[in-house]
Amino acid sequence: GTKPLIYAIQEALEQMALLDVRANILSEHGLALTGTTTLPRESLPGRVLAILADAGVAVWFETSSAKGTGIAVVVQQADVARANIALHKAFASELREGDIEPILCQQPVTLLTLVAETMGKTPGVAGRFFGALGAIGINIRASSQGASQRAISAVIDDADTPQAVRTVHDSFNL
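These figures come from a predicted structure and were not determined experimentally.

1. Let's talk about the overall build of the chain
A count of helices and strands for the chain gives five helices and six strands. Shown N-terminal to C-terminal, the secondary structure of the chain runs as helices and strands in the order β-α-β-β-α-α-β-α-β-β-α. Among the 174 residues that make up the chain, the fraction classed as buried is 40%. Partitioning the intrachain contacts of the chain with sequence separation of at least 6 by distance along the chain shows that 72% fall at a separation of at least 24. As displayed, the chain offers around 9200 Å² of accessible surface, 52% of which is attributable to carbon and sulfur atoms.

So this is what it looks like as structure tokens:
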């Protein structure tokens, strides 16, 4: 038979930071409106992840745009300065030319992850998760579903963490 659907808050990692790096799709030098790029061949998300890895910054979460024009990552607040320095150094010319928008950093944020063993086979789990958070006015800064389809994560403001965890627990009877 099918496994029962088991829900759990896997983690609520607090005191994190969300970094957002985006190509300026309106730049005459960067990306044309057709989606073709004059930036180096590797995708912007791939470059960002490589830069952060080279700087020794652990990425706890990442979500990128479909055409590789942007990426949002969650890192520990202790790594924000190192991450910003590495990204600004690596993208100095693109930032100067306006091909990349100014790098945004929001902190403190929490990475809230719901794990459900058979989530990929059960309709409505993500809707219930996000609906519960939206119903109490919690803004989702970024979100992603794991490749295994067993986990879904939302990045929220740190101040909302206690209420968000209680609400998700209540919504899934945890």
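So, next bit.
2. Regarding helix α2 (residues 80-90)
Because an α-helix packs 3.6 residues into every turn, residues spaced three or four apart end up facing the same way. Taken residue by residue, α2 has Val 80, Ala 83, Asn 84, Ala 86 and Leu 87 as its buried positions. Buried residues along α2 cover an arc of 165° about the axis, so they all sit on one side. Opposite the buried face of α2, at more than 90 degrees from it, the exposed residues are Ile 85 and Lys 89.

The rules behind these values
- Residues numbered from 1 in each chain as written.
- Predicted model: local features only at pLDDT ≥ 70, side-chain atom pairs only at ≥ 80, totals over all residues.
- Heavy atoms only, no water.
- Helix = DSSP H or I, 4+ residues; strand = E, 2+ residues; numbered from the N terminus.
- Buried < 20%, exposed > 50% of the residue type's maximum accessible area, 1.4 Å probe, protein only.
- Contact = heavy atoms within 4.5 Å.
- Areas by Shrake-Rupley, 256 points an atom, 1.4 Å probe, with all protein chains shown as cover.
- Arc of directions from axis to C-beta.

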